[in-house]
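Fold and geometry: a report
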Amino acid sequence: MNVKRLIFEGEGVSLDFKKTITSCEKIARTMVSFANNKGGRLLIGVADDGTIKGVKSEDEERYMITKAAHLFARPAIEPVFEEVYIDDKIVLVVDIPETNFKPYAALAEDGKWWVYVRVKDKSILASKIVVDVLKRKSGTEGVLIAYSSNEKTLLEYLEKTARITVAECCDLLKIGRRKAQRILVDLILSGIIRINTTEKEEFYTAV
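Everything in this summary refers to the structure shown in the same document.

Thresholds, definitions, all that
Residues numbered from 1 in each chain as written. Predicted model: local features only at pLDDT ≥ 70, side-chain atom pairs only at ≥ 80, totals over all residues. Heavy atoms only, no water. Helix = DSSP H or I, 4+ residues; strand = E, 2+ residues; numbered from the N terminus. Buried < 20%, exposed > 50% of the residue type's maximum accessible area, 1.4 Å probe, protein only. Contact = heavy atoms within 4.5 Å. Polar contact = N/O pair within 3.5 Å; in protein donor to acceptor, adjacent residues only side chain to side chain. Axes fitted to C-alpha atoms, helices over the stretch in contact; angles between N-to-C directions. Parallel < 35°, antiparallel > 145°, perpendicular 65-115°, else oblique. Nonpolar A, V, L, I, M, F, W, Y, C, P; charged D, E, K, R; others polar. Pairing = 2+ DSSP bridges. Core = buried A, V, L, I, M, F, W, Y, C linked by side-chain atoms within 4.5 Å.

When you line up the elements, serine 123 lands in strand S8 (residues 122-125). When its relative accessible area of 23% is taken as the criterion, serine 123 is described as partly exposed. For the pair serine 123 and valine 32, spaced 91 residues apart in sequence, the C-alpha to C-alpha distance is 8.6 Å. Other than its neighbours up to four places away in sequence, serine 123 contacts Arg29, Thr30, Ser33, Tyr116, Val117 and Arg118. A distance of 2.9 Å separates the side chain of serine 123 from the side chain of serine 33, its partner in a polar contact. A polar contact is formed between the side chain of serine 123 and the side chain of arginine 118, at a distance of 3.2 Å.

Here we come to the packing of helix H6 (residues 166-173) against helix H7 (residues 177-189). Where H6 meets H7, the closest approach of the two axes is 9 Å, and the angle between their N-to-C directions is 105 degrees. Here H6 is positioned roughly perpendicular relative to H7, judged by the angle of their axes. Of the residues in H7, those in contact with Val166, Ala167, Cys169, Cys170 and Leu173 of H6 are Arg177, Ala180, Gln181, Ile183 and Leu184. Counted by class, the contact of H6 with H7 contains eight nonpolar, one polar and one charged residues.

Okay, the pairing of strand S7 (residues 113-119) next. Across the seven residues that make up S7, a large majority, five, are buried. When strand S6 (residues 105-107) meets S7, the two strands line up antiparallel, connected through three bridges. Each bridged residue has a counterpart across the sheet, and for leucine 107 the counterpart in S7 is tryptophan 113. What sits between the antiparallel neighbours S6 and S7 is a turn of five residues, in which glycine 111 has the positive phi angle 85 degrees. As judged from the four bridges shared by S7 and S8, these two strands associate in the antiparallel manner. By the bridge assignment for S8, valine 117 is matched with isoleucine 124.

With 26 residues, the main nonpolar core has Met31, Ile44 and Ile77 as its most contacted residues. Looking at this core, the elements that each hand over two or more residues are helix H2 (24-35), strand S2 (40-44), helix H3 (58-71), strand S5 (89-96) and S6. Per element, the largest residue contribution to this core is seven residues, and it comes from H2. In this structure methionine 31 touches Leu42, Ile65, Ala68, Ala69, Ile77 and Ile96, once residues within four positions along its chain are discounted. Residues Ile129, Leu155, Ile183 and Leu184 belong to the second largest nonpolar core, which totals 19 residues.

Structure below.
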């Protein structure tokens, strides 16, 4: 594994640098966001700017990560560890595999379980729609859509306007938020529209 090349590529959807592990809650959020995506990799002993600091005690870091993965993530995550020596320093590489047990949730400081997803190099709280999509993707049932006037109106709107938010969907179709979310989830699972999550907002576009 070429860790220096990974560091040069920088943090992103599937890579995160941590100088050290200071909080089970925080690292659980990152691991959960990777597990809800296509998996990811943590480099422990690497600063945010890519400087290799090395880990002082890999046993302590492993303990914190394992504790976070087992007690602060639901379902439990099974991280895979590897020690890599670079310039006489140890970098602990932690692989978080993708599985079919989505959605994963992390235990927060408020004692509640929250689902996170990865957006660029950040772990973001997942919306209700994203959580529903993850749940139903993990299930076995297929999606059968009966095209009502609502679906037709929404898709015609997306042909002209290119994007829509949940609030705009409610206004367009004159329906409540829950019904709008259900329609959007069905269309996402059918591969007809796509979720676009940013740090500020979430919107939907035609595929």
